Amino acid sequence: MTHAPDPDAPEGVDLERPNAARIYDWFLGGTANWAIDRQFGEQAVQTFPMIKTIAKAGREFLGRGVRYMTEQGIDQFLDIGSGVPTVGNVHQIATTVNPNARCVYVDNEPVAVAHSQILLEREGVADRHAVLQGDLRNPSDIWNRALETGALDPKRPIGLIMVGVLYFIGRDEPAAEIVQKYLSLLPSGSYFLSSHLTIDGVETPDGELRERIHEQYKRSSTPFHYRTRAEFGEFFTGLELVDPGIVWVPDWHPEAGDSRNGDRMAGNPSFSGGICGLGRKP
Ligand SMILES: C[S@@+](CC[C@H](N)C(=O)[O-])C[C@H]1O[C@@H](n2cnc3c(N)ncnc32)[C@H](O)[C@@H]1O
């Protein structure tokens, strides 16, 4: 089906197929989505009713991770796959701990970038906050452009964030090498915060529903891919894992913030289907 162009859509937006950034925005209650995304989201909820809660628990993990890193003294962040801004964006959370914190957002979806730009024009500080459109698969390009913004100092530790994004990199793509390239560019004392979808070790009676969602996303412009716990662990090679290591998303420092949605899965954190971790570069 071909859709009439939307004059309000940023240039380059694919409205022919639903897109993960816009579907995720819909899951979180945002408005940066189109009918095609909402229809897809509604079908996904029908298939797997807990999907919205799972998305919110993932977002809460991001908030806890950023607060934790900021409390360790990190005051500059590179957030790749940052998404459409919603409540609790990285620069907002970091600022609650350190008013001078800096952040560069990167996403490959034009709607996410346009909305981040609008937000930063409203509440950002030009030399401390920036947003770029770019693909995570191009570490050197993203790194160079992130430094060109002037918001990040490459000589001081940086919090690199790839939360809820690495599962969009295909299983046949060199995801671990890509991550390692970023890590090699970071100065000592930097952190890497990440999360990933998995079916490895998920103990729930929902059986093949996670496979059905996986199949459904193949019809979007952004199919996702599960990885095992061991495969996710490879992303942290060379880093010191911060306690409690690689765990289910609701189990990661629940005390570090508001975990309303994660709490709903506390009886069975594997239900989140999300594993996560924070590593520190020695
Ligand atoms: C599920 S959202 C996560 C947003 C945010 N990190 C969070 O945790 O709330 C995933 C985001 O990653 C972006 N994304 C997917 N593949 C990407 C890629 N190859 N390069 C950059 N961004 C990507 C999507 O456009 C989307 O905005």
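Residues numbered from 1 in each chain as written. Predicted model: local features only at pLDDT ≥ 70, side-chain atom pairs only at ≥ 80, totals over all residues. Heavy atoms only, no water.

The chain goes by O-methyltransferase involved in polyketide biosynthesis in an unreviewed UniProt entry, where it is assigned to Amycolatopsis jiangsuensis.

**Student:** What exactly am I supposed to notice about the side chain of S272 here?
**Tutor:** By the secondary structure assignment, S272 is in the loop between α10 (260–263) and β8 (274–280). There is a polar contact of 2.7 Å between the side chain of S272 and the backbone oxygen of P269. If sequence neighbours within four positions are ignored, S272 has contacts with I54, R210, W248, V249, P250 and M265. (Helix = DSSP H or I, 4+ residues; strand = E, 2+ residues; numbered from the N terminus. Polar contact = N/O pair within 3.5 Å; in protein donor to acceptor, adjacent residues only side chain to side chain. Contact = heavy atoms within 4.5 Å.)

**Student:** What am I meant to see in helix α7 (residues 175–185) here?
**Tutor:** Count 3.6 residues to each turn of an α-helix, and residues three or four apart come out pointing the same way. Of the positions making up α7, those classed as buried are A175, I178, V179, Y182 and L183. Viewed along the axis of α7, the buried residues span an arc of 140°, placing them on a single side of the element. Those residues of α7 that are buried are in contact with β1 (76–80), α6 (139–148), β4 (159–162) and β5 (191–197). (Buried < 20%, exposed > 50% of the residue type's maximum accessible area, 1.4 Å probe, protein only. Arc of directions from axis to C-beta.)

**Student:** How should I be thinking about the pattern of salt bridges in this particular structure?
**Tutor:** Inspection of every chain in the model, using the stated rule, returns 12 salt bridges. Notably, a salt bridge pairs D75 with R156, separated by 3.0 Å at the nearest N-O pair. You can see D75 sitting in the loop between α3 (51–71) and β1 and its partner R156 sitting in the loop between α6 and β4, a full 81 residues away along the chain. Using a relative accessible area of 17% as the deciding quantity, one classes D75 as buried. (Salt bridge = Lys/Arg side-chain N within 4 Å of Asp/Glu carboxyl O.)

**Student:** Help me understand the pairing of strand β3 (residues 129–133), please; the structure alone is not making it clear to me.
**Tutor:** For a regular strand, side chains alternate in direction, first toward one face of the sheet and then toward the other. The buried fraction of β3 is high, at 4 of 5 residues. Chirality of the crossover, the property in question, places the unit of strand β2 (residues 102–107), helix α5 (residues 110–123) and β3 among those that are right-handed. (Right-handed = clockwise from strand over helix to strand, strands pointing away.)

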